[in-house]
Structures are given as C-alpha cells and as structure tokens.
Amino acid sequence: MEIVSNDLVVAKGLEIFRLMDAEPPAVFDRRFWEGKLMQAAMEHPELKLPLFHFVDVLPSLAASGQVVGHLKEYFLAGDTKLSGLPKILLSSASSALPAGLAASLLRRNVRRLAAGFIIGETPEAALGKLKALWRRGGAFTVDLLGEAAISEGEADRYRDRYLRTIEVLAEELPGWPAHDAARERFFPRLNLSIKLSSLYSRIGPSNYEDSLFQVKTRLRPICRKLMQAGGQVFIDMETVNLKELTLEVFTSLLEEPEFQGWEHAGIALQAYLKSAEDDVRRLIHWARQRKRRIHVRLVKGAYWEYERAIAAQKGWPLPVFERKSETDACYERCVELLLTHHADVTLAAATHNVRSIAWTLAAAETLGVPPERFEFQALYGMAGPVRQALQTLGFAVREYAPVGELLPGMAYLVRRLLENTSNESFLRKTFAAGLPAEVLLADPRAEAGAIEAPPPASNAFANEPPLDFSQRENREAFAAAIRRVRGQMGRHVSIAYGGKEYLTAERLVSLNPAAPSEVVCTASALDRDMADRALAAARTAQADWGRRPPAERAELLFRAAAIARRRRFELAAWELLEVGKNRVEADADVCEAIDFLEYYGREMLRLGKARKLGKVPGEENRYWYEPRGIGLVVAPWNFPIAISVGMVSAALVTGNAVLYKPSSLSPMAGRLVYELFAAAGIPQGVLNFVPGSGSAVGDYLVEHPSTDFIVFTGSLQVGLGILEKAGRTGPGQAGPKKAVIETGGKNAIIVDADADLDQAVPGVVQSAFGFQGQKCSACSRVIVLRETYDRFCERLAEAVRDLPAGSPEDPKNFIGPVVDGAARTRILEYIELGKREGRVLAQAPVPADGYYAPPTVFADLPADSRILREEIFGPVLAVIRAEDIGEAIAAANASAYALTGGLYSRSPGNIGQTARAFQAGNLYVNRPITGALVGRQPFGGFRMSGVGSKAGGPDYLQQFMVPRTLTENTLRRGFTPEDVS
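The shown structure was predicted, so the numbers you read here are calculated from the model rather than taken from an experiment.

Thresholds, definitions, all that
- Residues numbered from 1 in each chain as written.
- Predicted model: local features only at pLDDT ≥ 70, side-chain atom pairs only at ≥ 80, totals over all residues.
- Heavy atoms only, no water.
- Helix = DSSP H or I, 4+ residues; strand = E, 2+ residues; numbered from the N terminus.
- Rg over C-alpha atoms; globule rule 2.2 N^0.38 Å.
- Buried < 20%, exposed > 50% of the residue type's maximum accessible area, 1.4 Å probe, protein only.
- Contact = heavy atoms within 4.5 Å.
- Areas by Shrake-Rupley, 256 points an atom, 1.4 Å probe, with all protein chains shown as cover.
- Lys, Arg positive; Asp, Glu negative; His and termini not counted.
- Charge placed at Lys NZ, Arg CZ, Asp CG, Glu CD.
- Disulfide = S-S within 2.5 Å.
- Pairing = 2+ DSSP bridges.
- Axes fitted to C-alpha atoms, helices over the stretch in contact; angles between N-to-C directions.
- Parallel < 35°, antiparallel > 145°, perpendicular 65-115°, else oblique.
- Left-handed = near helix turned anticlockwise from the far one by under 90°.
- Nonpolar A, V, L, I, M, F, W, Y, C, P; charged D, E, K, R; others polar.
- 1 Å grid on protein atoms, 1.4 Å probe; cavity = no way out; pocket = protein on both sides within 12 Å on 5 of 7 lines; lining within 4 Å.
- Points joined across faces, edges and corners; volume = space filled by probe spheres on them.
- Salt bridge = Lys/Arg side-chain N within 4 Å of Asp/Glu carboxyl O.
- Polar contact = N/O pair within 3.5 Å; in protein donor to acceptor, adjacent residues only side chain to side chain.
- Core = buried A, V, L, I, M, F, W, Y, C linked by side-chain atoms within 4.5 Å.

Trainee: Even after reading the chapter, I still don't get the overall build of the chain, so can you show me in this structure?
Mentor: The number of helices and strands found in the chain is 36 helices and 30 strands. Relative to the globule expectation of 30 Å for 981 residues, the C-alpha radius of gyration of the chain, 32 Å, shows essentially globular dimensions. Its C-alpha atoms give the chain principal-axis dimensions of about 100 × 80 × 70 Å. Here the chain, with 981 residues, has 58% of them falling under the buried criterion. Across the chain, the fraction of contacts at a sequence separation of at least 24, relative to all contacts at a separation of at least 6, is 77%. As displayed, the chain has an accessible area near 37,900 Å², and 53% of this comes from carbon and sulfur atoms. Charge separation in the chain, taken as the distance between the mean sites of 116 positive and 116 negative side-chain charges, equals 1 Å.

Here is the structure:
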C-alpha cells in the first residue's frame, strides 16, 4: 500500500527548487578555479582519472620537482589529449616557471579546492567557520580526517584527537545563541562523527571478538566525554565487511549500564546496501525492545565502486544495488520505516537529492511527524543551495564537517570529487547538466522495478570465494570445526598404495607447533621394499588410467573439488593445528586447492582434444598429448593442502599415476589430500600415499628407474639435489626424467618516494609476516626511497611491535608459531646475526611456550650481510635505503632468486621502469606480494626460484605430458579425400 502520495512528493520538490539560490555550489561555479577544474573533468572523462590520481598523490610529494614531474607524467604521457584541464593545471607548471614556484602554485590551488570540503585543519582552526555556519541557522557534525590507523599508537592518537575535539567544542559551543530549544532536545549542538577503523589497527571480521573489544575500549571514553558534555555521537558506517561489527559495537556499548539512559547516540546506515531495510528493522526492533531512543543517519553510501570491485575479486555476492534508482528507491523505503517509528528512532536524512528530500518531507507530513523529530544532513561545501532552501522552509540542516590537514585529507577529497563528477550525481545533474525539475523528481521506483534478467550461467573457471568472516555463521562454523578436529587428534595415518593400507613400525610424529606437547597424528613411514611395490602398483594402474578420456579424468577433479567444498572447515582446521596457520590463511589454502582442481580439470578438457595442424591438400597432421607415466610428487608443509592438491591433480588429470609423499611435518594434511581423491573415486593404484623421510625413501624414489618425473616444491638445496639425481640416467630407465622444481625466494618490495604509506606499510607487514614469513613468496627485503624512508620506518616499526602473537586457535592472533623447533632455532640464529650486523628497527613479543620466533625488522645491514642474501623462511625483514628507483631495482635484483617482487608507487614512469627491469616471476604493484590466485596470477619464478612453468597457469599441465604428432599422406592415385568429398 502506498502511504506517501507521489504528487505530494513532486509538489514538495518543486517548492525546494523554487527556493534554491540561483548560484551553484562553488565546486560547480565556473568563475572560480575549483569550478573550472570540475567542469573540465566532466567535459573530458579521459582526463578525470589522471586528475584524481594527481590530487591523491600530491600530499606524498615532498620535492617541487616531484610535483611537476608527476603532473607531466599524468597529463603529458601517452595518448592523453590536452584540453582545458591541463591548461588549468599546467598554467602553474609552465616550463617558464621554476619548479619550486610551479609546485607552490599547484599546492595552493589544490589546498583551496580541499578547503571547500574540509572546514579546518584543527578543531581550533575550524571554530570560525563552524560559528559562521551556526549563525546562519545551520548545525554540524565534526569528522576527523587523517592517516589510517595501522598501529596501536596511531589508534591511541586518534582517540586522543577525538577527546581533544570534544574539549574544544564543549568549551566554545555553550556560548553560541540558541536556535530552537525543542530541537536541541533531540539534536544537541555538540555532535561528533566517528569511524571505528580509526580506533583499532587490526580491526576486521576475521578477529571479530577482539575487534569488538578493542574498538569499544577506545570508543567508551569518547562517548563518556560526549555524554557528560551533553553532546551526540554518530558512528559512521564504512565498508560492508565492517557493517556487522559496527552495528554490534553500537548496540552492545549502549547496553552497558552507564550508557543505557543516553539518547543521543546515532549510527549511519547505507541505502545502497541490499541489506539496508533489514538493518533498519533490526535497529528499530532493538530500540523498541529496550524502550530507548537512538538516531539513524540514513545515507546513500560512499564506497560503491570499492564494494563492487571487492565483491568481484572475492567472488562474493554483490552487496550493493547496481543502479542508482534502486538505491534511491531503497532510501525512500527506509525513510518511511524510520519516520513510522519516530517515537523510537530519530531520523537524520543525509542526502543532497531533492527527490529524496521531498520524499522525506512528504512522508513526515503524511505520518504526522513533528519537524523537531527529524533533520536533514549534507556534506560541507557540496549543497549550499539545497541547504538554503530547506532552512527557508524551517527545517534544520546539519553539515558533515571534516576537520584535518588539507593535503593529507586527500582520500576524503578524492571521494568528493568522484561523487561530484559522476554521471549519476544529483548535484551534477542539477547544477552542471541543468536537467529540468520534472526529470530530477521522477519516481525512482519506476526504473528500479524494471529488473534485468540475470546473465546465463557460465561454465568458465572462477576462483573459490574465501570465507566471509563478517558472517557470524562462518565464524561459528570454523570454531566448531576446530573443536571437532581436536577430538580426532592423535590418530594414526597409514600408508596406502595399490588400493590397500599398510602399517610400519617406523613412525613419523606430527606435533601442534603452538603446543608441542600435543600430537596431531602419527604416520607410518615407507621403506624401500614398499616403495618398489608402490611403484609396481602405480605402473599397472597407469596403463588403464592413461587411456581413459580426458573428460573422465577431469570429472574426477571436479568431484574432488565438490568434496573439498563440503569439508572446507574441517580441512582448514587441521591445517591450523598441524602447521600453525590462522583462520584466514588456512581457509585461503583450501580455496586454492579447490581452484587447482577446477582449473586443471578445465585445462585438461582444452588440451585433451587432438588438433589438426596445417591446411594443405593430401596431408593430415594431428597433434595431441599423452601422459609421461609414473610421477613422484614431493610436497611442502607450508601449503600442505593447496600445493599438494595442485601438483597431484595436475599429474593425475593428464593421465599419470602418482606416488605422493607429503612433508614429514604435515602427514595429516597429506592424508586428507589422499582421502579427497579416494572419495572422488580415483582407481586403485593411480594415486598412492607414501609418507616417509626424504633421506630414507625420497632420494630412492627420485633415482628409481620406474620414476618418469618428479614434481617438487621446497628448499633450494633439496631442489638442486633432486635435479642432480634426476639428471642421471641409470640402467632400466625408459628415458630422461622430467623434474618440475619450484624452490624459494629472497623477495623484495620497493617503496617509492610517492607511495601511499597507508597502503604500503600494511602491505609489507602482510607480505613479510603473514604465516610467520613461511611462504616462498614472502617479503624479506623492503627497499625504500630516501624521501619516504624515515616516515616509512617509523610507521612500520609501530605496526610490527603491535602484532599480536599466540595460538592461531585464538582469531585475535596475527602471528602464530613457526613449524617446528628446528625452524625456530634457525630463525633465532639469523636474528642474533642481524643484531650483530645491523640495527633492530622493531621486534614483536611472542609467547615463550611453543615454536614461536619474534617478527623482527632490521635496518643498516651491510651489503654483504647473509640476512640480505639467504632465504630465512621466517619472520625476518630487512629495510634498505635507496636514492632513486634505479638503485632500488638494482638492490632488488641483487639476489640469486627471482620469484616474487613488489612495488608501491603512484608514478606511471616508475611503475613501467620497474615492470621492465625487476627480475621476478610474479611482480605486484600496490598490493601485497603473497596470495597469488589460480588462473589470475599464475605462480612461479626463474633463476634459483624454479625451472617449471607457472602453477595455476595455462601451460602448467604440459609439464606432465609428452606431445605427439601424426602425419598421414592422404594422396591416393592423384586424388585427395577433399577432392572426393
């Protein structure tokens, strides 16, 4: 049933348009530099991206030459066509001006642009503009801008800034003249907006309970001080992965005794989320149950592009509406819900859209909501004419007023620029495009109702979506899986070959590295007689398996993938206990295993078809692949399921039989891999599970004449030994052995002078210390250009010292144990060496019990230091200073390895130069260097990092097959088959 008349909405909207000032907001006023800039960006879409990139990077550019250089890189490179926009910008960077003066003019103009959206650099500096805003009948909520909190020290400083802001405003505001006493009962003049991500450096859904505790610890004194000062708080809603956490922080804090009577706490909800109506209903129900009032700031949402990109990258359902009309329609439904329950919830309608404002006015009038029970909110500097019209009508408008340094506040500014120049922007449609009021006031439900049919389902490969830990059911399911797996610890794992199980007296023992007194499992160890029998069983089974159709072999992989999906929590829980991976890392490992199964199955369907080559009459050429025979797969412990499944599935789907030897440190994970294929229906003898020590049977199997190929991932020393042994051809051997070897890395990340440190520091921390640095792709060297070296080191050191360490069973811990006592001893020896050779920049504390090695960062190491040359395979990072990008690349290449590398830079020229010169199999720009995804970032290196092609890529399966060609002369007595047909 339609409660609000659309005719009334249109009438209200036309009245607002009539009262709006003819002058556009300054951002659209072409008389000013800002207006000219925005107009140029709208008229020339191809220049909008370089403009925003330049505005974004400007705060990081210390030297004048950098400013002018970046401007020219963004606007004068490639095929960019110059027009009005470069004239505006380059007029300040003319070659006739010295670089210092040009940079100064550019900074001045961009600061002026920022000042149109940011009300002041400090609370004290903002008071003048805030008072002027108040005197003209307006109100405000203050938001603090700044760097992301990537350490606990930074989060503490954010808390202190909030507290100081309250002090400044509480001292000043009581002396200002009153607007409306009845309204101030519902909307105090002291109003602060808070982003929870500023209050905890490791906030996130994977460590949900810890984030909840830490955020509330810092939020509590802020709210207490606000409440004592008679003020109001609004908790901002940020990205969707923090939505549930934000809602629970808000409601659980208000349930604490000291805040139960406080009725001036509010939270933002985003109408572009498909869950928005449910979220509104949840909050209304919560408030009614507790017989208390809360405030809801209803916004459209500021992270639409980000949410779409993340959902696509993760393979998660799209959380936001695709079309603006759907968001607008949802906004109106939420307004109606909130106004209907105005006795419990006070609405702050935050929008510049006149249609949405008119709907709110019409709904309030229809539902009999008093004017003092709701208010409108707008962004400072963006909707002056709309605000003026509403104030003329007697309605309050509160402006969202950011406070912070103008240039470091660029992240906020760039979002505002994107909003203003978007084709969907209501302000652009109104003040730049000049669309008629009738069009702007059209009912969004008409367009939103025309839902397009979903695209047809595709059988193309797609990466397995990782767990979304913002969903409570996933967190609970993982915890339950750990409890179940704990109940199975101590089981014995037998050898399996030829379809039968075998026990031996010699045992491997797998321990929980976080609690070495706990036995995860024991495993029978293969001996040489059993190795011979296992090879014979594999040879017999391979003869039939290799002749089966590629589609049948691919289907086995698809069945195994389905089983892994059903068992994903169990598989990940075993990894957590056996090798010390945290929840996110263990789940990612299982996802990668599923990806290998799905990807290689599809690749075999592609490669399994014989191809005709050439097009000449009287000749037919066919090209196809056949399996190599019997393969030995030697798997590592650091990705015990993913890499095992990848190597085994590639060998199996190409028609080979496999002897699979897991690491002696992870036999339980190895057994789980074997069970996946067994449950999927692998024929007896095709896959054989042969745990054992490398020295006892590994070398024997490598050199055995029945072994046709070896696939290995692990250390360089062992890998080179396998290559050497496989290269010797002995009696009874059918031919040279193929060895697919992937070893290690001494990987480097370059941090450019213009890098975004909010991005670079967490990226380096994740790359260096994720899974305790026990990844062949982990960062062990970070090379930082001189201009940003000191600030980078300062922020990195703070972030590392705060890394929480302990058992991975507790999701708050980012750092877990290393794999065993030998690894711990080796890493500690390197740390002691680093202390003698250089300076400890930072070190995180770790528990004394268990196999823990402290994350450690060194600086000032000599160029010949072993720390800089040798793969440590642990949480040890070296920081190196470089004068320029060329020196940084040379330092990165000063390694025998060439596996992964990274660059944090906003210079197109330096990105291009690094891509050409940095020797790495996988090079990542502006993101961590670990976490390659199958099919998207095929993984593998060269030089001393490996000799095989890239795992998870289009040429990997060819390593496991031999190509064959058949040429037939089809010319008979002067005619060809083509002639006859």
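Trainee: Explain the state of the cysteines to me, please; I cannot follow it from the model alone.
Mentor: Disulfides are covalent bonds that link the sulfur atoms of two cysteine residues. Under the criterion given, the structure shown has zero disulfides. Cys591 carries a free sulfur, and the closest cysteine sulfur to it, the one in Cys776, is 18 Å from it.

Trainee: Please explain the sheet that holds strand β2 (residues 191-194) as it appears in this structure.
Mentor: By way of backbone hydrogen bonds, the strands of a sheet pair with one another, either parallel or antiparallel. With parallel pairing, the eight strands of this closed barrel are ordered in space as β1-β2-β3-β4-β5-β6-β7-β8. The average undirected angle you get between the axes of adjacent strands in this sheet is 30°. Direction of pairing for β2 relative to strand β3 (residues 232-235): parallel, over a ladder of four bridges. Bridged to Ser193 within β3 is Phe234. The strands that helix α7 (residues 123-135) touches are β1 (139-144) and β8 (397-403); relative to β1, the one it contacts most, it runs at about 160°. On the sheet, helix α8 (residues 152-172) packs against β1, β2 and β8 and is oriented at approximately 155° with respect to β1.

Trainee: What exactly am I supposed to notice about the packing of helix α3 (residues 48-57) against helix α4 (residues 64-76) here?
Mentor: Helix packing geometry: the angle between the two helix axes and the distance between the axes. Here α3 crosses α4 at 160°, and the two axes come no closer than 9 Å. Between α3 and α4, the crossing angle belongs to the class labelled roughly antiparallel. Along this stretch, α3 crosses α4, giving a crossing that reads as right-handed. Within the contact between the two elements, α3 uses Pro50, Leu51, His53, Phe54 and Val57 and α4 uses Val67, His70, Leu71, Tyr74 and Phe75. For the contact of α3 with α4, the class distribution of residues is eight nonpolar, two polar and no charged.

Trainee: What is the right way to look at the sheet that holds strand β15 (residues 619-627) in this model?
Mentor: On the basis of which strands lie adjacent, the open sheet formed by three strands has the order β14-β15-β30 and antiparallel pairing. One side of each edge strand has no neighbouring strand; the edge strands of this open sheet are β14 (611-613) and β30 (961-969). Between one strand axis and the next, the sheet turns by 30° as a mean value, whatever way the strands run. Bridge count for β14 against β15 is three bridges, and the pairing is antiparallel. The partner of Leu613 across the bridge, within β15, is Asn621.

Trainee: What's the story with the layout of surface pockets in this structure? I'm lost.
Mentor: Taking a probe equal in size to a water molecule and rolling it over the atoms shows the remaining empty space. In this model, the second largest pocket occupies a volume close to 950 Å³. Examining the composition of the lining of the second largest pocket, we find that six residues originate from one element, helix α29 (residues 716-726), more than from any other. Grouping the amino acids of the lining of the second largest pocket by side-chain chemistry returns 18 nonpolar, 13 polar and seven charged.

Trainee: Would you mind showing me how to read the pattern of salt bridges here?
Mentor: A side chain with one charge may pair with a side chain of the opposite charge, provided their charged atoms come close. Within this structure, the stated rule accounts for 66 salt bridges. A salt bridge links Glu277 to Arg333; its shortest N-O distance comes to 2.8 Å. In this pair, Glu277 is assigned in helix α12 (residues 276-289) and Arg333 in helix α14 (residues 324-340), connecting sequence segments 56 residues apart. By relative accessible area, which is 34% here, Arg333 ends up partly exposed. Across the salt bridge formed by Lys775 and Glu585, the nearest N and O atoms sit 2.9 Å from each other. Of this pair, Lys775 sits in the loop between α30 (757-769) and β22 (779-785) while Glu585 sits in helix α25 (residues 583-607), placing them 190 residues apart in sequence. Lys775 sits in the buried class, given a relative accessible area of 7%. A relative accessible area of 10% places Glu585 in the buried class. When salt bridges with common partners are traced through the structure, they connect Glu464, Arg565, Arg568, Asp587, Glu598 and Arg602 into a single cluster.

Trainee: What exactly am I supposed to notice about the side chain of Asn474 here?
Mentor: When you line up the elements, Asn474 lands in helix α21 (residues 472-486). With relative accessibility at 13%, the residue Asn474 sits in the buried group. Only 2.9 Å separates the side chain of Asn474 from the backbone oxygen of Asp468, close enough to count as a polar contact. Contact partners of Asn474, with chain neighbours within four places excluded, come to Leu467, Asp468 and Phe569.

Trainee: Help me understand the nonpolar core in this model?
Mentor: Inside soluble globular proteins, nonpolar side chains tend to come together where they are buried. Ranked by size, the top nonpolar core spans 100 residues in total, and within it Leu130, Ile194, Leu196, Leu219, Phe374 and Phe376 carry the most contacts. Considering every element that reaches this core, the biggest residue donor is helix α15 (residues 354-367), with eight residues. When residues no more than four places from it in sequence are discounted, the contact partners of Leu130 are Ile119, Phe140, Val142, Leu169, Trp176 and Ala401. Counting 77 residues, the second-largest nonpolar core is a separate cluster that includes Leu557, Ile594, Phe689 and Val934.

It is worth stressing that arrangement in space is one thing and function is another; only the former is reported here.
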